[in-house]
Amino acid sequence: AQSVTQPDIHITVSEGASLELRCNYSYGATPYLFWYVQSPGQGLQLLLKYFSGDTLVQGIKGFEAEFKRSQSSFNLRKPSVHWSDAAEYFCAVGARSSNTGKLIFGQGTTLQVKP
Amino acid sequence: DGGITQSPKYLFRKEGQNVTLSCEQNLNHDAMYWYRQDPGQGLRLIYYSQIVNDFQKGDIAEGYSVSREKKESFPLTVTSAQKNPTAFYLCASSIGTPPGELFFGEGSRLTVL
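Cut-offs applied
Per-chain numbering applies: the sequence of each chain, read as written, is numbered from 1 onward. Lettering for chains starts from A, numbering for ligands starts from 1, and both go in the order in which the items are written. In keeping with the model being predicted, local features are shown solely for residues with a pLDDT of at least 70 and side-chain atom pairs are shown and tallied solely at 80 or more, while totals for entire chains, interfaces and linings include all residues. Excluded from the side-chain calculations are hydrogens and water; all other atoms, namely the structure's heavy atoms, are used. By convention in this document, the label disulfide applies to cysteine sulfur atom pairs within 2.5 Å. Think of it this way: any DSSP run of H or I at least four residues long counts as a helix, any run of E at least two long counts as a strand, and we number them from the N terminus. Only protein chains enter the accessibility calculation, which uses a 1.4 Å probe; a residue is then buried when its area is under 20% of its type maximum, exposed when over 50%, and partly exposed in between. Of the grid points, spaced at 1 Å and generated over the protein atoms alone, those admitting a 1.4 Å probe that cannot get out make up cavities, while open sets with protein on both sides within 12 Å along at least five of seven lines make up pockets; any residue with an atom within 4 Å of a point is treated as lining. Grid points are joined across faces, edges and corners, and a volume is the space filled by probe spheres set on the points. The residue classification treats Ala, Val, Leu, Ile, Met, Phe, Trp, Tyr, Cys and Pro as nonpolar and Asp, Glu, Lys and Arg as charged. All others, Gly included, are polar. The contact definition used throughout considers only heavy atoms, calling two residues in contact when any of these lie within 4.5 Å. Values labelled buried area give the accessible surface lost by two parts on being combined, using a 1.4 Å probe and summing over both. The salt bridge criterion pairs a side-chain nitrogen of Lys or Arg with a carboxyl oxygen of Asp or Glu, the two atoms within 4 Å. Polar contacts, as used here, are pairs of N or O atoms within 3.5 Å; protein pairs need one atom able to donate a hydrogen and one able to accept it. Residues neighboring in sequence count only if both atoms are side-chain atoms.

Student: Residues and numbers for the state of the cysteines, please.
Tutor: Residues and elements named next belong to chain B. Across all of its chains, the model carries 2 disulfides over all chains by this definition. Covalent S-S linkage joins Cys 23 and Cys 91, the inter-sulfur distance amounting to 1.9 Å. A torsion of -75° about the S-S bond marks the disulfide between Cys 23 and Cys 91 as left-handed. Here the residue Cys 23 occupies a position in strand β3 (residues 19-25), and Cys 91 occupies one in strand β9 (residues 87-94), the gap between them amounting to 68 residues. For the pair formed by Cys 23 and Cys 91, the shared burial category is buried.

Student: Describe the layout of surface pockets, with residues and values.
Tutor: By volume, the largest pocket is sized at about 410 Å³. Lining the largest pocket are 22 residues, with A:Gln38, A:Glu88, B:Gln37, B:Pro39 and B:Gly40 sitting closest to its centre. Secondary structure elements with two or more residues in the lining of the largest pocket: β10 (87-94) and β12 (109-114) of chain A together with β9 of chain B. Ranked by residues supplied to the lining of the largest pocket, first place goes to β10(A) with 3 residues. Partitioning the lining of the largest pocket into residue classes produces 8 nonpolar, 11 polar and 3 charged. Quantified by volume, the second largest pocket comes out at close to 270 Å³. Lining the second largest pocket are 21 residues, with A:Val37, A:Gly43, A:Leu44, A:Gln45 and A:Leu46 sitting closest to its centre. Counting residues per element, the ones that place at least two in the lining of the second largest pocket are β5 (32-38), β6 (44-50) and β10 of chain A together with β10 (103-104) of chain B. Considering each element in turn, the lining of the second largest pocket owes the most residues, 4 residues, to β6(A). When the residues that make up the lining of the second largest pocket are grouped by side-chain class, the tally is 10 nonpolar, 7 polar and 4 charged.

Student: Describe in detail the interface of chain B and chain A, supporting the description with residues and values.
Tutor: The interface of chain B with chain A comprises 23 residues on the first partner and 24 residues on the second. Of the roughly 1,900 Å² buried where chain B meets chain A, counting both sides, 57% is carbon and sulfur surface. Applying the counting rule to chain B against chain A returns 0 salt bridges. Taken together, the links from chain B to chain A amount to 4 residue pairs in polar contact (both at pLDDT 80 or more). Broken down by secondary-structure element, the contributors of at least two residues to the side of chain B that touches chain A are β4 (31-37), β5 (43-51) and β9 of chain B. At 4 residues, the largest contribution of residues to the side of chain B that touches chain A is made by β5(B).

Next comes the structure, spelled out in structure tokens:
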């Protein structure tokens, strides 16, 4: 069965510092991979997605993620964090063979940004 | 602007009452989904629908019901059989298959008193 693990429940970084949020997945083949962001009390917004091709994908708001097949990982990065990046971040996977379009989500990582 | 509208944003319910959460989309998407969000548990799939008049149970369907009579609408009923209904509920839509971007509504927070 597919699963997604985000090992870090809560991360605190200083404004201007770099950021890396970890995501590991369990799936028999390469899935479709996504990162979403959620502000408190709001819905989720797509940051970026990986379907195929270049393993380094660029997203909105200066975020990027790298797919590493050998490590079953899809970590999210940002070179310099802004206070407005404080939010909850979710990694999600979808099966290429799926006929339902369902996504499986990780537990989420809450990012706090110190001034 | 195209998007997904969920209502109400906040809802309070007494134990033993059914409540229906509304979800409407004008994105012309075939697939619609209901997720439940609890702190520290991420999003868990309740029900999904790929086409009008058809829907399937997700991972935590017990105590919930849905209908899909129109492409634009996918209401969720939280019944009195749901043992722990207090949660944040998110509706989403997508083009369907293969798995692609989900577009989310703003969510509905249900509190059972």
